[in-house]
Amino acid sequence: MTAQAITKKDLRSYFTKEKLHRFMFGTREKQGAGKMIAIYGLLICIGFVYLYPIFYMISTSFMDQNDLLDTSVKWIPSHLYLRNYVDAGASLDFVASFFKGILIAGIPTVCNILVDMMVGYGFARYEFKGKKIMMAILIFSYILPKQVTMIPTYVLYNDMGILGTIWTFALPALFGNGLNAPIFILIFYQFFRQVPKVLMEAAAIDGAGHFKRFFRIAVPSAVPAIVTVVLFSFVWYWNESYLTELYVQGLSGNSIWTNLVVQLKNFDSSFASKATVGSTATSLNESVRMAATSLSIIPLLIMYLILQKQFVESIDRAGITGE
């Protein structure tokens, strides 16, 4: 009994409320085990939701018809069947659609960066009459449904003679009205507000004008915001299929401009037209569709892998910039 009582007493003295609280929630210097388990558990669940479709798509894209019909084949195909990618690439006209898609998404993205950065800088650093009204119009232009302005915009582009060209995306971006441009303006606006005013004041004392302060101080310090805007803008333009078909291709269908996402939307009919009767071409199945989908997202995956480090650092730096 004495030994048992001593043991219970030692355990009570060892497992105090303070120690249990530090173990679960940690301290200012160190994260607690309970908190870390909860965070990583949540991240694993969220990651599974995003990664499961990608893993399924890649796995299915390498399966042949026998693997699709074999119930014992779940995730790992019996062998890598690359013919799916060959047939999908031919139906998508991959090389031409890839480079045209780069231009369709890249040119407006560059315009968004240049123009939206200047607009955001102007809102952040200057006080002028009607500033609040303009900010309200900016926010309202974002929440306004696109369906409301599609038909008037289409008629305007048709009257201007730019329908079916890349100017239907590039021209609005040059005037700060590109795809989701209000978000990019607000990103630059919030970032430039955090740049220390003493830097601008010191440059002004040294004789730097408005443009020199913008290009020498504001732009170099805005690299985190630029990386963020590049990623979001390019992805949104790349994945935009409806507006690309409506404006860039035009309803006439005579335009040469297209991208992989639009080609993927019309993949079934394109595949049927390219498959020759009596040949050894692979018939249209789930694996071929998954191969085509994989080809359409390859540029985005490559861009993410290249800019992943810069993107994470940009988010981190954006949180610590300021006075």
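Given the structure is predicted, the values throughout are model-derived calculations rather than measurements.

Undergrad: Would you take a moment to explain the overall build of the chain for this structure?
TA: Along its length, the chain carries 17 helices and zero strands. Expressed as a percentage of its 323 residues, the buried residues of the chain come to 37%. Nonlocal contacts in the chain, meaning residues at least 24 apart in sequence, comprise 72% of its contacts between residues at least 6 apart. Here the chain displays about 20200 Å² of accessible surface, and carbon together with sulfur accounts for 67% of that area.

Undergrad: Quick question: what am I supposed to make of the confidence of the model for the chain here?
TA: Note: predicted coordinates in regions of low pLDDT should not be interpreted at a detailed level. The predicted model of the chain has a mean per-residue pLDDT of 81, with 82% of residues at 70 or higher. Note that pLDDT drops below 50 for residues 276-281; the model gives that stretch two contacts with residues more than four away or on any other chain. Scored below 50 in pLDDT, residues 319-323 makes eight contacts in the model with residues more than four places away or belonging to other chains.

Undergrad: Would you explain the pattern of salt bridges in this entry?
TA: Once the charged atoms of two side chains with opposite charge are near each other, the side chains can pair. Scanning the entire structure with this criterion turns up three salt bridges. Ionic pairing is found between aspartate 87 and arginine 83, a salt bridge with its closest N-O pair at 2.9 Å. Residue aspartate 87 and its partner arginine 83 are both found in helix α5 (residues 83-92); the two are separated by four residues, about one turn of the helix. Judged by relative accessible area, which is 11%, aspartate 87 ranks as buried. You can call arginine 83 partly exposed: its relative accessible area is 32%. The closest approach of N and O atoms between lysine 265 and glutamate 245, which form a salt bridge, is 2.8 Å. Of this pair, lysine 265 sits in helix α15 (residues 260-265) while glutamate 245 is found in helix α14 (residues 242-249), placing the two residues 20 residues apart along the sequence. We classify lysine 265 as partly exposed; its relative accessible area is 47%.

Undergrad: In this structure, what is going on with the nonpolar core? I would like to understand it.
TA: The nonpolar side chains of a soluble globular protein tend to be buried, and buried together. Counting residues in hydrophobic clusters, the biggest one holds 34 residues, and the most contacted among them are Ala88, Phe169, Trp238, Tyr247 and Phe267. In terms of residue count, helix α17 (residues 286-320) provides more of this core than any other element does, six residues in total. Excluding its chain neighbours within four sequence positions, the residues that come into contact with tryptophan 238 are Phe98, Gly101, Ile102, Ala105, Asn259, Leu260, Val261, Ser296, Pro299 and Leu300. In terms of nonpolar packing, the next biggest core, distinct from the first, is built from 21 residues, Met135, Phe192, Val195 and Ala218 among them.

Undergrad: Can you walk me through the UniProt feature "transmembrane region" (unreviewed entry) in the chain in this structure?
TA: The UniProt record marks residues 37-58, 102-124, 136-157, 169-192, 213-238 and 288-307 with the feature "transmembrane region" (unreviewed entry), using the residue numbering of this structure. A distance of 30 Å separates the end C-alpha atoms of residues 37-58, which is 100% helix and 0% strand. Summarising residues 136-157: 91% helix, 0% strand, and an end-to-end C-alpha distance of 26 Å.

Undergrad: I'm lost on a nonpolar patch on the surface in this one. Help?
TA: A grouping of Leu42, Ile46, Phe48, Val49, Tyr50, Leu51, Tyr52, Phe55, Tyr56, Trp75 and Ile76 is seen on the molecular surface, where their side chains present a nonpolar patch of about 1200 Å² in accessible area. Here tyrosine 52 is to be found in helix α3 (residues 33-61).

Undergrad: Sorry if this is basic, but what is going on with the packing of aromatic side chains here?
TA: One pass over the structure, following the stated rule, counts 20 aromatic pairs. On the numbers, 5.2 Å between centres and 85° between planes, the contact of tyrosine 157 with tyrosine 247 is edge-to-face. Residue tyrosine 157 is located in helix α8 (residues 146-160), and its partner tyrosine 247 is located in helix α14; the two are separated by 90 residues in the primary sequence. An aromatic cluster is built from Tyr121, Tyr126, Phe188, Phe191, Phe192, Phe214 and Phe215, whose rings are joined through pairwise contacts.

So, how was this worked out
- Residues numbered from 1 in each chain as written.
- Predicted model: local features only at pLDDT ≥ 70, side-chain atom pairs only at ≥ 80, totals over all residues.
- Heavy atoms only, no water.
- Helix = DSSP H or I, 4+ residues; strand = E, 2+ residues; numbered from the N terminus.
- Buried < 20%, exposed > 50% of the residue type's maximum accessible area, 1.4 Å probe, protein only.
- Contact = heavy atoms within 4.5 Å.
- Areas by Shrake-Rupley, 256 points an atom, 1.4 Å probe, with all protein chains shown as cover.
- pLDDT = per-residue confidence, 0-100.
- Salt bridge = Lys/Arg side-chain N within 4 Å of Asp/Glu carboxyl O.
- Core = buried A, V, L, I, M, F, W, Y, C linked by side-chain atoms within 4.5 Å.
- UniProt positions renumbered as here; feature names shortened; annotations may be inferred.
- Patch = residues over 30% accessible without salt bridge, like charges linked within 9 Å, V, L, I, M, F, W, Y side chains within 5 Å.
- Phe/Tyr/Trp six-rings, centres within 6.5 Å; stacked < 30°, edge-to-face > 60°.

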